[in-house]
Amino acid sequence: AALACERKPQEEQRPGTSAQESAERSDGGAAGAAQPGTPPQDSNTVLIGEVGSLTGSEATFGISTRNGIDLALKQENANGGVDGKKVVVRVYDDQGKPEEAANAATRLISQDRVLLILGEVASTNSLAMAAKAQPAQVPMITPSSTNTRVTEVGDYIFRVCFIDPFQGFAMAKFATENLKSKTAAVLKDQKSDYSLGLADVFTKKFTEFGGKILGTEAYAKGDTDFRAQLTAIKRLRPGVLYVPGYYTDVGLIARQARELGVKSTLLGGDGWDSDKLFELGGSAVDGSYFTNHYSPQDPSPRVQRFIQEYKAEFGSIPDSLAALGYDAARVAIEGMRKAKELTGPAVRDALAQTKDFPGVAGNITLDEKRNAVKPAVVLKVTGGKTEFVASVAP
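What counts and what doesn't
- Residues numbered from 1 in each chain as written.
- Predicted model: local features only at pLDDT ≥ 70, side-chain atom pairs only at ≥ 80, totals over all residues.
- Heavy atoms only, no water.
- Helix = DSSP H or I, 4+ residues; strand = E, 2+ residues; numbered from the N terminus.
- Buried < 20%, exposed > 50% of the residue type's maximum accessible area, 1.4 Å probe, protein only.
- Pairing = 2+ DSSP bridges.
- Right-handed = clockwise from strand over helix to strand, strands pointing away.
- Contact = heavy atoms within 4.5 Å.
- Polar contact = N/O pair within 3.5 Å; in protein donor to acceptor, adjacent residues only side chain to side chain.

### Some points on the environment of Glu387
No. 1: Within the secondary structure, Glu387 is located in strand 19 (residues 385–392).
No. 2: In this structure Glu387 comes out as partly exposed when scored by relative accessible area, which is 34%.
No. 3: Note: C-alpha distance between Glu387 and Pro296 (91 residues apart in sequence) is 8.8 Å.

Okay, here's the thing in structure tokens:
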């Protein structure tokens, strides 16, 4: 079963037996019969759920998202919560596994009877959760799953991030227009919906922009030896190598690519966004580029205020996962405040009307498919840090 998780401020989250909003315990709601999507309304709290990879290979994704959500709830509860009720979150760790994400969503819906669910980061895990939330009429907001299939599950599934067709388009455009690259190769994770979706879009768009894809190789999450694929790519001598994977694999791929003498500029997507990338990849990732949702270098007062508040709470600069977790929680609360009543269907209807919401990762307008329409940024990796290079509008 998925593990409930208790977070201690400014400490890494670990499995436990309780759930906690900010630093306070929650009993999760009252007993009694209730239909899924219609939580008990006889308390002074509104219970929502969260599912994330708090342990496992992509733990930095879940922890950053969790911190962003924590900060948003702390601020919004200080601002009156929802109809005077405090918003409390029940959190489950899915350990980065789709089956555990599905189990956690089922438990949040059937046992905890939450009003709404936040999560996941990985698209494969979000797809597993969406299959549970949709038939139960429990709204679900993923902060950062970019695969198009996630919201296609049904009208109760939302996201506050851009989608892979746009992210793949943005990097293909940057590679051809900014880097002036004429040739590319692709190295994709054949078991990741996220990676496969990005690879397909990049391949199509790079070709449309006049470039040529010289070859495509594949690996599977958890692999540690990529030399055979990289050797094949080296022989092709592409100008750029697109690796739409997660930081855990990308760091090793970059090291092995440079060891083998691959000269291509490495490109990627938002799955690269973790400080662990620099630890795993070292200097091998220097000079690489990836698309992302926001940049801490954005001079916007809204962004800089968020960064200062996050640093005060957690002692570090927020990455894009933290920013999107923060935005997702705030969009959720805004939807609950505007809903005619605190039921799944009413909150769903309110969320669907989200327009020009002032997110820290860009203004959020949800289209008819419940996807956020917003720009992407391209970041360059230099000396163990990222720097803003360009913004690509929809």
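### Considering the pairing of strand 6 (residues 86–93)
Consecutive residues of a regular strand have side chains that alternate between opposite faces of the sheet.
No. 1: The buried fraction of strand 6 amounts to seven of the eight residues, a majority that puts the element mostly inside the structure.
No. 2: Where strand 5 (residues 45–52) lies against strand 6, eight bridges are found, and the strand directions are parallel. Looking at strand 6, one finds that Leu47 is bridged to Val88.
No. 3: Running through helix 1 (residues 59–78), the crossover from strand 5 to the neighbouring parallel element strand 6 is right-handed.

### Focus on the environment of Thr60
No. 1: In this structure, Thr60 sits in helix 1.
No. 2: In this structure the C-alpha to C-alpha distance between Thr60 and Ala322, which are 262 residues apart in sequence, comes to 9.9 Å.
No. 3: Aside from chain neighbours lying at most four places away, what touches Thr60 is Tyr247, Ser274 and Lys276.
No. 4: Side chain to side chain, Thr60 and Tyr247 meet in a polar contact 2.9 Å long.
No. 5: Among the polar contacts listed, one links the side chain of Thr60 to the side chain of Ser274, at a separation of 3.0 Å.

### Considerations on the pairing of strand 14 (residues 289–292)
No. 1: Here strand 14 shows two buried faces, one formed by Tyr289 and Thr291 and the other by Phe290 and Asn292.
No. 2: Sheet analysis places strand 13 (residues 265–268) next to strand 14, joined by two bridges and oriented parallel. When the sheet's bridge partners are listed, Leu267 is paired in strand 14 with Tyr289.
No. 3: Handedness of the strand 13-helix 9 (residues 275–281)-strand 14 crossover: right-handed.
No. 4: In terms of strand pairing, strand 14 meets strand 18 (residues 376–382) through four bridges, oriented antiparallel. Across the sheet, Phe290 pairs through a bridge with Leu379, a residue of strand 18.

### What to know about unusual backbone geometry
No. 1: Glu120 follows Gly119 through a cis peptide bond whose omega is -5 degrees.
No. 2: With respect to the helices and strands, the residue Glu120 is situated in the loop between strand 7 (117–118) and helix 3 (123–136).
No. 3: At Gln95, a residue that is not glycine, the phi angle is positive and equals roughly 55 degrees.
No. 4: Along the chain, the position of Gln95 falls in the loop between strand 6 and helix 2 (98–112).
No. 5: Here Arg113, not a glycine, exhibits a phi torsion of approximately 55 degrees, which is positive.

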